Structures are given as C-alpha cells and as structure tokens.
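What the coordinates show
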Amino acid sequence: MALGKIKADTLEHSTSGSVDTKFVVEGSAKAWASNSATTGDTISNSLNVSSLTDESTTGQYTWALTNSASAEIDHYSLSGMCGGDARNLRYSDGANTTSTNLDIRTYTSSSGSGVDSKHSWQWCGDLA
Amino acid sequence: MSEVKTNKLTGTSTAGSILVTGEGNSTTTNLQQGLAKAWHRYQTSTSNLTLDSLNISSFTDSATGKDTHSFTNSFGSVNIVTSGSGGRTLYVGIDDGNTDTAGGASTTGGVPTISYNYQGNLYDDNQASCMFKGDLA
C-alpha cells in the first residue's frame, strides 16, 4: 500500500451498513455546476468544470469539463433544473457534445422553445 | 476481498478532501464533492410529507407549487447546485427569486423550489424529489 492510499472493495460503518466501493467510484457525481445569471459566462459553483460559454443562440450553453469523460458526455446521466417558472434543461446530442464539452439547452416546458435561464446540473458517468 | 471498517473517512493532507481514482484509471475525482449532501423525496399534494430524506430538517409549503427545503447541516455558500424531478407530468425548478416567480433566494440553510405542470402552472406535487450538491459548512 502506498502512503496515504487505501485499496478496498468495501467500506463498512458500525451502524449504517456497508457499501461496495464500486458505488463510490461509479456512483459519485463526476461534475456539477450552476451559472450565476440568466446570461453570461460566470459560474457560481462547480466540480470538474473549466469553463462556461453562453452561446449566441437563445437557451444554448456549453460547459467544458476539466477531466474528460471516457465517452461522449451524453452517453451518461444528466439531471438538472432551471430557475424561473416552467423551464427545463436537456442534453443536446449534436456535434457540440463531446467527451469534454457538454451542450445544454434550456427551454420553456409548454412550448419547447429555447429560453435563456439560470440553471444547475449534475453529471454521473465514467471518467477517462 | 478487502474491506475497510470505519465510521469516518478523513483526508490526511486536507481533512475534507479525499481523492478517488476514476474508472479510466487516468484521473481522480473528489469524494466529498461528488457526494450528494442532501436529498429530499416529498409530497405536497394532499398533505405536506417527507417520504425520505438525507440532511433535511424540515420543509415549508409556502404556496401552491412553492416549497423550501431546510438543511440539518448547512452548506458553506448559497451557491447550491440543485437537481430534481416531479411526479407524473410535473417538473421541479429552482425558485431563484426572479420576478416571474416572486420567490425567495437560496440560503446556506435552505433552498426554495417550484413545482409546475407541463402547461407551466404552479402545482402541488405528489411525488417530487430534489438533490443538492456543494460544500458543507
């Protein structure tokens, strides 16, 4: 065992049960973030995110990861929510989504039309 | 098969920071930051009820479709990353105090959310859930 490194398959608590460490590795969110305003590139809080680009198209944002996914990001799980009434977010599976870049679209739920919105998201998947 | 039995994991260099090697073996992710610090499964349709939770002390149904989730252990900043979903055709969003929601802003001790149906109308949900990420205080 190297200094400061534990290799184990199971973690066990005295009263709260045990967990296979594969769930620690595979079940942890590998990235999450939120923007601080409806428009602009300012990130208010994040994990494993290097930048945000508010694209010129309404409701389109590109988030870049610091450490890439092992495949295109939209092969894995994304969840999130928007600020303001009746808005949602989704992946775009177009060319802008890669193993490093996450193309998020925010839209009005009733019409499906793009709308600029504050939003927050978390991503679970495999790192490269 | 190796097993670690402990009630507490603490980093050696920084107590609140432990790295976990990623699936591809080429990078690491932060254990503490990757964990959900709070989650809440709740309903407000017929009564206000917490069905299951982590680190939730209470919640308030202030108006139709408007709820505030209060934490037992507060976050370190108000920039709490939130995700969630609603039951049936409902959605959950952040009540961030925009003029169109007239709601409150997040604090380190709680986050307001809104629930609405596909038409965009605020709605009390029967099976909503939220998850909260960020650094604890």
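Located above this text is the structure these notes cover.
Numbering of residues begins from 1 in every chain and follows the order in which that chain's sequence is written. Chain letters start at A and ligand numbers start at 1, both assigned in the order the entries are written. Selection of residues for local features in this predicted model requires a pLDDT of at least 70, selection of side-chain atom pairs for listing and counting requires 80 or more, and totals for whole chains, interfaces and linings are taken over all residues.

1. Comments concerning the sheet that holds strand E4 (residues 38–43) of chain B
Residue and element names in this part refer to chain B.
- Spatially, four strands are ordered E5-E4-E11-E8 in an open sheet, and the strand pairing comes out antiparallel. Sheet topology places strand E5 (49–54) and strand E8 (81–85) at the edges, where each strand pairs with a single neighbour. Mean inter-strand twist for the sheet, computed between neighbouring axes without regard to direction, equals 15°.
- Paired strands are those between which DSSP finds at least two bridges. Secondary structure counts use DSSP, requiring at least four H or I residues in a row for a helix and at least two E residues in a row for a strand, with both numbered from the N terminus. In this sheet, strand E11 (residues 128–133) lies alongside E8 in antiparallel orientation, the contact comprising five bridges. Bridge pairing in E11 places Val81 opposite Lys133. To get an axis, a line is fitted to the C-alpha atoms, and for a helix only the part in contact is used. The angle between two axes follows their N-to-C directions and goes from 0 to 180 degrees.

2. Some words on the interface of chain B and chain A
- Any residue pair is listed as a contact if its two C-beta atoms, each placed from the backbone, are within 7 Å. Chain B puts 40 residues into the contact, and the matching count from chain A is 44 residues.
- Elements represented by at least two residues in the side of chain B that touches chain A include exactly strand E1 (3–5), strand E3 (28–30), helix H1 (31–34), E8, strand E9 (91–94) and strand E10 (110–116) of chain B.
- Here the side of chain B that touches chain A is composed, by residue class, of 12 nonpolar, 22 polar and six charged.
- Where strand E1 (residues 10–13) of chain A meets E1(B), three bridges bridge the pair, whose relative direction is parallel. Bridge assignment links Leu11(A) to a residue of E1(B), and that residue is Val4(B). Here the nonpolar group is Ala, Val, Leu, Ile, Met, Phe, Trp, Tyr, Cys and Pro; Asp, Glu, Lys and Arg are the charged ones; every other residue, Gly included, is treated as polar.

3. Focus: the pairing of strand E6 (residues 56–63) of chain B
All names here are of chain B.
- Both E6 and strand E7 (residues 66–71) contribute to a ladder of six bridges, which runs antiparallel. Directly across from Ala63, in E7, lies its bridge partner Lys66.
- Between E6 and E7, which pair antiparallel in sequence order, lie two residues; one of them, Gly65, sits at a positive phi of approximately 75°.

4. Things to note about the nonpolar core
- Counting residues in each nonpolar core, the largest one holds 39 residues, and the members touching the most others are Ala31(A), Trp32(A), Ala33(A), Trp63(A) and Trp123(A).
- The biggest single contributor to this core is E11(B), with four residues. By convention the nonpolar core is taken to be a set of buried residues drawn from Ala, Val, Leu, Ile, Met, Phe, Trp, Tyr and Cys and joined through C-beta atoms within 7 Å. Any residue surrounded by 20 or more other C-beta atoms within 10 Å of its C-beta is treated as buried, while 12 or fewer makes it exposed and the intermediate range makes it partly exposed; C-beta atoms here are placed from the backbone.

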